[in-house]
Amino acid sequence: MASLSRCLFGSILLFILILSSVSAQIESLDCGVACSTRCSLSGRPNLCKRACGTCCAKCNCVPPGTNGNYEACPCYANLTTHGDQRKCP
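A brief look at the structure comes next. Note that this is a predicted model, so its numbers are computed, not measured.

Another point: the state of the cysteines. Evaluation of the coordinates by the stated rule reveals 6 disulfides. Between C39 and C48 runs a disulfide, and the two sulfur atoms are separated by 2.0 Å. Here the disulfide of C39 and C48 is left-handed, its torsion about the S-S bond being about -75 degrees. The disulfide that involves C55 links it to C88, with 1.9 Å between the sulfurs. Linking C55 and C88, the disulfide has an S-S dihedral of approximately -95 degrees and is accordingly described as left-handed. Placement of C55 in helix 3 (residues 45-59) and of C88 in the segment after helix 4 (74-78) is noted, with a sequence separation of 33 residues between them. Take C88: its relative accessible area is 3%, and that puts it in the buried class.

Time to look at the nonpolar core. Within the largest apolar cluster, 15 residues are counted, with the highest numbers of intra-cluster contacts made by C52, V62 and Y76. Mapped by element, the contributors of at least two residues to this core are helix 2 (31-38), helix 3 and helix 4. For this core, the element with the most residues is helix 3, which contributes 5 residues.

Applying the stated rule across the entire model yields 1 aromatic pair. Cation over ring: R38 sits above Y70, and NZ or CZ is 5.3 Å from the ring centre. Directly above the aromatic system of Y70 lies the positively charged group of R86, at a separation of 4.0 Å from the ring centroid.

Turning next to helix 2. Turning to helix 2, its buried residues are A34, C35 and R38. Looking straight down helix 2, one finds that the buried residues subtend no more than 95 degrees of arc, so they occupy a single side. Looking at the buried residues of helix 2, the elements they touch are helix 3 and helix 4. The N-terminus of helix 2 is capped by D30, whose side-chain oxygen sits 3.3 Å from the backbone nitrogen of G32.

Each value, and the rule that gives it
- Residues numbered from 1 in each chain as written.
- Predicted model: local features only at pLDDT ≥ 70, side-chain atom pairs only at ≥ 80, totals over all residues.
- Heavy atoms only, no water.
- Disulfide = S-S within 2.5 Å.
- Helix = DSSP H or I, 4+ residues; strand = E, 2+ residues; numbered from the N terminus.
- Buried < 20%, exposed > 50% of the residue type's maximum accessible area, 1.4 Å probe, protein only.
- Core = buried A, V, L, I, M, F, W, Y, C linked by side-chain atoms within 4.5 Å.
- Phe/Tyr/Trp six-rings, centres within 6.5 Å; stacked < 30°, edge-to-face > 60°.
- Lys NZ or Arg CZ within 6 Å of the ring centre and 35° of its normal.
- Arc of directions from axis to C-beta.
- Contact = heavy atoms within 4.5 Å.
- Polar contact = N/O pair within 3.5 Å; in protein donor to acceptor, adjacent residues only side chain to side chain.

Encoded structure:
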């Protein structure tokens, strides 16, 4: 009986450790910095940063560079407006 409770306790502890590790990885992107970089050459930087921030919050990634590179973040690339235009800059 004691070995069963130790095994159960160890399993629960391992599960909590893995869960906290996964959540730490998800929260690692700073959308403000990533979107400032992404929108640095935009003609309308405030509009670009707002759209980028929305996309970053949903996808938790922003493609590198100031334009293109959508293959690095498929979720970001696949978000569209009601008019089927790309939502994310």
